[in-house]
Amino acid sequence: QVQLVESGGGLVQAGGSLRLSCAASSGSLFSINRMGWYRQAPGKQRELVARITSSGSTNYADSVNGRFTISRDSAKNTVSLRMNSLKPEDTAVYYCNANIRMITVGITDDYWGQGTQVTVSS
C-alpha cells in the first residue's frame, strides 16, 4: 500500500501564488512512473492539471500552461506544483496522483492523495 500526502492548499487572492506538495511513502519497495496533479471543481469532472514522467517530461492543461510548473524530486518521492497568477476559476480540490509499481509483487497501479482545497478569491 502506498500513501500520498498533500500539503500547501489554501485561500489566495487572484493574481497570487501557491505551492502544492505531495509525498509518496510505503512500507514496501516501490518505484514511481509518473506523478501529477488533478483538480475537481464543484459540479465538474476531475481534470488533469499537470503531469511529469520519471524521465522529467511534462504536460499541462491548456488552462494552466505558462502559469503552473510541476516538478519532482525522485530521490524523495515527491512532486510539487507551483501555481502563479491564480484565477478564481482555478478554485478546486487538487489531488495528487502517482502511477506506482510495487516491486515485490510486480503490480502497477494508480494512487491518489486525499485532496487539498485551493480557493482563489476575486
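Scroll up to find the structure.
Scoring rules and cut-offs
Residues numbered from 1 in each chain as written. Predicted model: local features only at pLDDT ≥ 70, side-chain atom pairs only at ≥ 80, totals over all residues. Heavy atoms only, no water. Phe/Tyr/Trp six-rings, centres within 6.5 Å; stacked < 30°, edge-to-face > 60°. Helix = DSSP H or I, 4+ residues; strand = E, 2+ residues; numbered from the N terminus. Lys NZ or Arg CZ within 6 Å of the ring centre and 35° of its normal. Core = buried A, V, L, I, M, F, W, Y, C linked by side-chain atoms within 4.5 Å. Buried < 20%, exposed > 50% of the residue type's maximum accessible area, 1.4 Å probe, protein only. Contact = heavy atoms within 4.5 Å. Pairing = 2+ DSSP bridges. Disulfide = S-S within 2.5 Å. Axes fitted to C-alpha atoms, helices over the stretch in contact; angles between N-to-C directions. Salt bridge = Lys/Arg side-chain N within 4 Å of Asp/Glu carboxyl O.

(A) How the structure looks around the packing of aromatic side chains. Using the criterion set out here, one finds one aromatic pair in the structure. Relative to Trp-112, the ring of Tyr-38 lies with its centre 5.0 Å away and its plane at 65°, an arrangement referred to as edge-to-face. Within this pair, whereas Tyr-38 is found in strand 4 (residues 30–40), its partner Trp-112 is found in strand 10 (residues 107–112), the two being separated by 74 residues in sequence. In this structure, Arg-46 packs its charged tip against the face of Tyr-95, placed 3.7 Å from the ring centre. Directly above the aromatic system of Trp-112 lies the positively charged group of Arg-46, at a separation of 4.7 Å from the ring centroid.

(B) Region of the structure containing the nonpolar core. The biggest cluster of nonpolar side chains holds 31 residues, and the ones touching the most others in it are Trp-37, Leu-81, Met-83 and Tyr-94. For Leu-81, the residues in contact, after removing those within four places along its chain, are Leu-18, Arg-19, Leu-20, Trp-37, Val-49, Ala-50, Phe-68, Thr-69, Ile-70 and Tyr-94.

(C) Layout of the pairing of strand 3 (residues 18–26). As judged from the six bridges shared by strand 1 (residues 2–7) and strand 3, these two strands associate in the antiparallel manner. Bridging across to strand 3, Leu-4 finds its partner in Ala-24. Where strand 3 meets strand 8 (residues 78–83), six bridges bridge the pair, whose relative direction is antiparallel. Each bridged residue has a counterpart across the sheet, and for Ala-23 the counterpart in strand 8 is Thr-78.

(D) Representation of the state of the cysteines. This structure, assessed with the given rule, holds one disulfide. Linked covalently through their sulfurs, Cys-22 and Cys-96 form a disulfide whose S-S length is 2.1 Å. Between Cys-22 and Cys-96, the S-S torsion sits near -80°, and that sign places the bridge as left-handed. Placement of the pair is Cys-22 in strand 3 and Cys-96 in strand 9 (residues 92–102), with a sequence separation of 74 residues. Relative accessible area serves as the criterion here: at 1%, Cys-22 is assigned to the buried category.

(E) Expanded view of the sheet that holds strand 8. Judged by pairing direction, the sheet is antiparallel, and its four strands sit side by side in the order 1-3-8-7 without closing on themselves. For this open sheet the edge positions go to strand 1 and strand 7 (68–73), each flanked by a neighbour on one side alone. Here the strands of the sheet are splayed against their neighbours by 15° on average, with no regard to which way each runs. Where strand 7 meets strand 8, six bridges bridge the pair, whose relative direction is antiparallel. The partner of Ser-71 across the bridge, within strand 8, is Ser-80.

(F) How the structure looks around the pattern of salt bridges. Scanning all chains against the criterion turns up four salt bridges. In this structure, Arg-39 engages Asp-90 in a salt bridge whose closest nitrogen and oxygen atoms are separated by 3.0 Å. You can see Arg-39 sitting in strand 4 and its partner Asp-90 sitting in the loop between strand 8 and strand 9, a full 51 residues away along the chain. A salt bridge links Arg-67 to Asp-90; the shortest N-O distance between them is 2.8 Å. Placement of the pair is Arg-67 in the loop between strand 6 (58–60) and strand 7 and Asp-90 in the loop between strand 8 and strand 9, with a sequence separation of 23 residues. Neither Arg-67 nor Asp-90 differs from the other in exposure class; each is buried. Through salt bridges with shared partners, a single ionic network connects Arg-39, Glu-47, Arg-67 and Asp-90.

Keep in mind that these numbers describe shape and distance, not what the molecule does.
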